[in-house]
Amino acid sequence: MSHGRKSLRVAGCVLGILTLCATTVRAQDAVPPPATSEAAPPTPAAPTTAEAAPATPEQHGATRPLRIAVNDLTPDGVSPRVARIVTESLVSEIRKLRHVVVIGMSELKAILDLEAQKQLAGCSQDACLADIAGLLGVDGLVVGRLGRLSNGHTFTVRRIDEREGTVVAAVDLRLKAGNGEEFLSSVGPAVEKLFPELPLKPGLRRGVAEEVALRLNPPPLPRGAFLIPTAITGISALVGVTAGLVAAVALADYHLYAYQGRTRPIDGASLVAKGRAALGFSVVANLGYAVALVALISCGITALFVDWHGYRDEGAAS
């Protein structure tokens, strides 16, 4: 099989996906944004509607959206897991823009079948993906790097015009070193600078959701840690309820035996023993209730530090 036929076969796998995505985006873009009572004054530097965007319809055609491929961000002294999560956030952020179809390289790899991957095994990953992007008729390519310096981090992203082979926009940020959340907070502003002519879809806001930060820095406790205070709460409550019922029966027996003493002689030692039994079970019941209450409060506190989504396991696997 010739190289041209191999490339066409690979491109055909993904072109159908992009066509389906384009149809969806066109349907979404056809819905006009909700009307507002006050019209914001137009500003040349930051257009607010797709109609005001500079020359995008003329360059790419009004009948199809802009096709953007996002390459995996290269980690340079940064954890590959951090780079993967930031890349996924970058793809999601670009997908918020109107009249855009976005495909990430991780999705592209998943779409390629095993045979196509074997055919492409002879070339480097970046070169193959760039060739595929060209075969798919992608309008632009987004590439970037996450780096570490002695005094901080760097976040570099480029938007490349695939047809002209030129850098359309670039973002170079120096960030204070942190736990990785500084990269996520920079994704929204970076996309805004890379695509200033494209507005957001109605109802969406820029920026990565706060929940994504949990993937970078999950809570310290595994889900199994919540089982311990939960079990203590249940067992203590059961002991308290059982002891309380036994104490009620013992107390009723004590009062009945004492009442019988009005009409006939009773054994004082037996009366004292019945009273002590009722008191002992009552103490056990109250102790069980107290332990159950403390354990219940512990459950509430523990729940705040439990990794309910299993992000700790995701980090361990990577």
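Above this text is the structure in question.
Let me sum up the structure you'll find in this document. (Residues numbered from 1 in each chain as written. Predicted model: local features only at pLDDT ≥ 70, side-chain atom pairs only at ≥ 80, totals over all residues. Heavy atoms only, no water.)

Turning our eyes to something else, we now look at the overall build of the protein. Counting its secondary structure elements, the protein contains 11 helices and six strands. Relative to its 318 residues, the protein shows a buried fraction of 34%. Within the protein, contacts between residues at least 6 apart in sequence are counted, and of these 73% link residues at least 24 apart. Roughly 18,300 Å² of accessible area belongs to the protein as shown, and the carbon and sulfur atoms make up 62% of that amount. (Helix = DSSP H or I, 4+ residues; strand = E, 2+ residues; numbered from the N terminus. Buried < 20%, exposed > 50% of the residue type's maximum accessible area, 1.4 Å probe, protein only. Contact = heavy atoms within 4.5 Å. Areas by Shrake-Rupley, 256 points an atom, 1.4 Å probe, with all protein chains shown as cover.)

A few words now on helix 9 (residues 227–260). Here helix 9 is 34 residues long and its end C-alpha atoms lie 49 Å apart, about the 50 Å a rise of 1.5 Å per residue gives. Of all the residues in helix 9, the buried ones are Pro229, Thr233, Ser236, Gly240, Ala243, Ala247, Ala250 and Tyr257. (Expected span 1.5 Å × (residues − 1).)

In terms of nonpolar packing, the biggest core is built from 33 residues, with Val86, Leu90, Ile94, Val142, Phe155 and Phe195 touching the most fellow members. Looking at this core, the elements with two or more residues in it are strand 1 (66–70), helix 3 (80–94), strand 3 (100–104), strand 4 (140–149), strand 5 (152–161), strand 6 (166–175), helix 7 (181–194) and helix 8 (213–216). Looking at which element gives the most residues to this core, the answer is helix 3, with seven residues. Those residues in contact with Ile94 that sit more than four places away from it in its chain are Val70, Val100, Val102, Val142, Val191 and Phe195. Counting residues in each nonpolar core, the second largest holds six residues, with Ala69, Ile103, Met105 and Leu141 among its members. (Core = buried A, V, L, I, M, F, W, Y, C linked by side-chain atoms within 4.5 Å.)

With that settled, consider the packing of helix 3 against helix 7. Relative placement of two packed helices is described by the angle separating their axes and the distance separating the axes. Viewed as axis vectors pointing N to C, helix 3 and helix 7 meet at an angle of 30 degrees, and their least axial separation amounts to 10 Å. When the interaxial angle is binned, helix 3 and helix 7 end up roughly parallel. Read as a crossing pair, helix 3 and helix 7 show a hand that is right-handed. Here Val82, Ile85, Val86, Ser89, Leu90, Glu93 and Ile94 of helix 3 come into contact with helix 7, specifically with Phe183, Leu184, Val187, Gly188 and Val191. Grouping the amino acids of the contact of helix 3 with helix 7 by side-chain chemistry returns nine nonpolar, two polar and one charged. (Axes fitted to C-alpha atoms, helices over the stretch in contact; angles between N-to-C directions. Parallel < 35°, antiparallel > 145°, perpendicular 65-115°, else oblique. Left-handed = near helix turned anticlockwise from the far one by under 90°. Nonpolar A, V, L, I, M, F, W, Y, C, P; charged D, E, K, R; others polar.)

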